[in-house]
Amino acid sequence: MDLAGISVVDAHVHQWDPLTTPRDFSLLAKLFRYAPMSIDVAARLAPRRDREFVGDPDIYVRPYLPADYRADLGAVPVEALVHVEVEWAGKAPAAKADETRWVASLPFGVDTPALGAIVGSGDPAAEGFAALIDAHQSASSLFRGIRTMVAHHPDPSVRSFCPVPGALTSKAFLDGFAVLAERGLSFDAWVYSHQLPEVTALAQRYPEVTIVLDHLGTPAGIFGPVGKRTGVNPGARRELFVRWRDDIATLATHPNVVAKVSGMAMPILGHPVPARGNPTPAPELLERAAPLLHHALDVFGAQRLIWGSDFPVDKPITSVGNSARVVVDVLADHGGGAAELDQIFRGNAQRVYGIDAELLA
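Residues numbered from 1 in each chain as written. Predicted model: local features only at pLDDT ≥ 70, side-chain atom pairs only at ≥ 80, totals over all residues. Heavy atoms only, no water.

Please give an account of the overall build of the chain that cites residues and values.
For the chain, the helix and strand inventory stands at 13 helices and 8 strands. By the compact-globule yardstick of 21 Å for 361 residues, the chain fits well, its C-alpha radius of gyration being 19 Å. For the chain, the spread of C-alpha atoms along the principal axes amounts to about 55 × 45 × 45 Å. A buried classification covers 58% of the 361 residues belonging to the chain. Here the analysis covers contacts within the chain between residues at least 6 apart in sequence; of these, 79% occur between residues at least 24 apart. Split by element, the accessible area of the chain, about 14,400 Å² in all, is 54% carbon and sulfur. (Helix = DSSP H or I, 4+ residues; strand = E, 2+ residues; numbered from the N terminus. Rg over C-alpha atoms; globule rule 2.2 N^0.38 Å. Buried < 20%, exposed > 50% of the residue type's maximum accessible area, 1.4 Å probe, protein only. Contact = heavy atoms within 4.5 Å. Areas by Shrake-Rupley, 256 points an atom, 1.4 Å probe, with all protein chains shown as cover.)

Right, dumping it as structure tokens:
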């Protein structure tokens, strides 16, 4: 079974230029550009939590734009993609909408896949959230929803993107979330796996909002040790898997939730980082990720799973082709056929993100 004949949607791609646009990592990118030492030497001075999250800092200190993504595609027949926000800086209330405007201006769709949808940045708990949504919608007709950086890990040596736990359950967040419900917008939830019950509570409170679980909940350390105490031995990793398995099964009982089979090569999962330019072979990646992917198919079914490459974040570990190959192989092992393949690699993303069918002709 392969992707021949399918107009693939890559539902999770990041574009950035830390040298000309304001990212949270822009200062470091500029410093590394002029540092009198190699990036690999300089990176050893970074905190462990940052090293383990990025895997290879080289991808964060240079632009990643449509031509770079096209070069990484290989033989995967991607016709359209969904851009997901990535650490756009700016203190003004509507500053995050500048990323939506910038992405919409990039040269997609000429000799690169088309831009099908944009997931912008925003925090429902922040003052002026409704005005920010106005700005996103004004910035591009492709704006479909938001992602909020709420990933927080109890191990202080695992990188968190939110200063405090429980962001999804705060009164301010829950009240602001109503704006998404009112406007028919989606919410991409990127959390660490112990936060899955918070996503379940959110889905229960707002059944009218489509919630997209990014990267199957990112169970940090499930493939190897990270931080000080996460995934430190096989027993700990087994406990992590069992908790993830049960929590994601509960989340999947809510029909307004779909899940992305993406981010399976994020370094923070505990993958060993191969030499630059030598992606982990597909069989090796398949051996690690198959239990997660099989369970996701069991509880969500092919009708509520969406593939995304998570490039370039996953690039230190895998290639776009291997990322897709692993999902195709698991689906085949699971008894899926051409119809299920089309759902995961095209149809579900098209439906959830409102992607124009003409882009996939």
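Just give me the short version of the sheet that holds strand 6 (residues 211-213), but keep the residues and values in it.
Here 8 strands make up an open sheet; going across it, the order is 1-2-3-4-5-6-7-8 and the pairing parallel. The strands lining the two open edges of the sheet, one partner per strand, are strand 1 (8-13) and strand 8 (305-307). The average undirected angle you get between the axes of adjacent strands in this sheet is 25°. Looking at chain direction, strand 3 (residues 114-121) and strand 4 (residues 143-149) are connected through 4 bridges and run parallel. Within strand 4, the position partnered with glycine 120 by the bridge is isoleucine 146. Across the sheet, helix 9 (residues 196-205) touches strand 5 (186-190), strand 6 and strand 7 (257-261), and the angle it forms with strand 6 is around 165°. (Pairing = 2+ DSSP bridges. Axes fitted to C-alpha atoms, helices over the stretch in contact; angles between N-to-C directions.)

Tell me what's going on with the pairing of strand 5, and back it up with residues and numbers.
Summarising burial for strand 5: 5 of the 5 residues are buried, a large majority. The alternating pattern of strand 5 places Ser186, Asp188 and Trp190 and Phe187 and Ala189 on opposite faces, both of which are buried. Bridge analysis of strand 4 against strand 5 gives 5 bridges, and the strand direction is parallel. Across the sheet, residue arginine 147 finds its bridge partner in strand 5, namely aspartate 188. Across 3 bridges, strand 5 lies against strand 6 in parallel orientation.

Residues and numbers for the pattern of salt bridges, please.
It is possible for side chains bearing opposite charge to pair when their charged atoms get close. In the structure shown here, the tally under the stated rule is 17 salt bridges. Two residues, aspartate 175 and lysine 171, come together in a salt bridge whose shortest N-O distance is 2.6 Å. Of this pair, aspartate 175 and lysine 171 both sit in helix 7 (residues 171-176), 4 residues apart, which is roughly one turn of the helix. Since its relative accessible area comes to 37%, aspartate 175 is described here as partly exposed. Residue aspartate 175 is joined to arginine 205 by a salt bridge in which the shortest nitrogen-to-oxygen separation is 3.9 Å. (Salt bridge = Lys/Arg side-chain N within 4 Å of Asp/Glu carboxyl O.)

Report on the layout of surface pockets, specifying residues and quantitative values.
Taken as a whole, the second largest pocket encloses approximately 570 Å³ of empty space. What lines the second largest pocket is a set of 31 residues, and nearest its centre among them are Lys96, Ser121, Asp123, Thr148 and Met149. Elements with a minimum of two residues in the lining of the second largest pocket: helix 6 (129-139) and strand 4. The greatest single-element share of the lining of the second largest pocket, amounting to 3 residues, is contributed by strand 4. In the lining of the second largest pocket, the residues fall into 15 nonpolar, 7 polar and 9 charged. (1 Å grid on protein atoms, 1.4 Å probe; cavity = no way out; pocket = protein on both sides within 12 Å on 5 of 7 lines; lining within 4 Å. Points joined across faces, edges and corners; volume = space filled by probe spheres on them. Nonpolar A, V, L, I, M, F, W, Y, C, P; charged D, E, K, R; others polar.)

Describe the packing of aromatic side chains, naming the residues involved and giving the relevant values.
Any two aromatic rings considered together are summarised by their centre-to-centre distance and by the angle between their planes. Using the criterion set out here, one finds 10 aromatic pairs in the structure. Joined through ring pairs, the aromatic side chains of Phe173, Phe177, Phe187 and Tyr206 make up one cluster. (Phe/Tyr/Trp six-rings, centres within 6.5 Å; stacked < 30°, edge-to-face > 60°.)

Hey, could you go over the packing of helix 10 (residues 234-251) against helix 11 (residues 282-300) for me, with residue numbers and the actual values?
Each pair of packed helices gets described by two things: the angle between the helix axes and the distance between those axes. Remark: helix 10 packs on helix 11, axes separated minimally by 10 Å, with the N-to-C direction vectors making an angle of 20°. In this view, helix 10 runs roughly parallel relative to helix 11, as classed from their interaxial angle. When you trace helix 10 past helix 11, the crossing you get is right-handed. Contacts between helix 10 and helix 11 involve Phe241, Trp244, Arg245, Ile248 and Ala249 from the former and Pro291, Leu292, His295, Val299 and Phe300 from the latter. (Parallel < 35°, antiparallel > 145°, perpendicular 65-115°, else oblique. Left-handed = near helix turned anticlockwise from the far one by under 90°.)

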